[in-house]
Amino acid sequence: MRLEKVADAIPDGAVTEMKAQDDGATTLFKLRDLTAAYRDLAEDMPGDGGGDTEDLTPLEELLK
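Residues numbered from 1 in each chain as written. Predicted model: local features only at pLDDT ≥ 70, side-chain atom pairs only at ≥ 80, totals over all residues. Heavy atoms only, no water.

## Focus on the overall build of the protein
Next, step 1: Tallying secondary structure elements over the protein gives three helices and two strands in all.
Next, step 2: Classification of the 64 residues of the protein by burial places 5% in the buried group.
Next, step 3: Accessible area for the protein stands at about 6,100 Å²; split by element, carbon and sulfur atoms hold 52% of it. (Helix = DSSP H or I, 4+ residues; strand = E, 2+ residues; numbered from the N terminus. Buried < 20%, exposed > 50% of the residue type's maximum accessible area, 1.4 Å probe, protein only. Areas by Shrake-Rupley, 256 points an atom, 1.4 Å probe, with all protein chains shown as cover.)

## Notes on the pairing of strand β2 (residues 25-30)
Next, step 1: Relative to β2, strand β1 (residues 17-22) runs antiparallel, the two sharing six bridges. Residue pairing in the sheet places Gln21 in a bridge with Thr26 of β2.
Next, step 2: Hairpin geometry of β1 and β2 is characterised by an intervening segment of two residues between the two adjacent antiparallel strands and by a positive phi of about 55° at Asp23. (Pairing = 2+ DSSP bridges.)

## Looking at a nonpolar patch on the surface
Next, step 1: Residues Leu56, Leu59, Leu62 and Leu63 make up a contiguous nonpolar surface patch of about 470 Å² in total accessible area.
Next, step 2: Relative to the assigned elements, Leu59 resides in helix α3 (residues 57-63). (Patch = residues over 30% accessible without salt bridge, like charges linked within 9 Å, V, L, I, M, F, W, Y side chains within 5 Å. Salt bridge = Lys/Arg side-chain N within 4 Å of Asp/Glu carboxyl O.)

## A word on the packing of helix α1 (residues 2-9) against helix α2 (residues 31-42)
Next, step 1: As a packed pair, α1 and α2 sit with axes 11 Å apart at the nearest point and diverge in direction by 160°. One element, α1, and the other, α2, form an angle in the roughly antiparallel class. The handedness of the crossing between α1 and α2 comes out as left-handed. Residues Leu3, Val6 and Ala7 of α1 form the contact with α2, whose own contacting residues are Leu34, Ala37, Tyr38 and Leu41.
Next, step 2: Here the residues of the contact of α1 with α2 are counted per class, giving seven nonpolar, no polar and no charged. (Axes fitted to C-alpha atoms, helices over the stretch in contact; angles between N-to-C directions. Parallel < 35°, antiparallel > 145°, perpendicular 65-115°, else oblique. Left-handed = near helix turned anticlockwise from the far one by under 90°. Contact = heavy atoms within 4.5 Å. Nonpolar A, V, L, I, M, F, W, Y, C, P; charged D, E, K, R; others polar.)

Shown next as structure tokens:
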């Protein structure tokens, strides 16, 4: 939930990095840090057996 809150707080105009200043406090939003945190959390998650991976074998056969 905390990661979602951080992602929601990133302004729409932020591409890779953006600074925001509010009442003398500076906040630095880095998309790379957010994606690294997500990757760290997601790597330990058990997979679902590849359920959302499409089998492209029939397409491969057609293209031969």
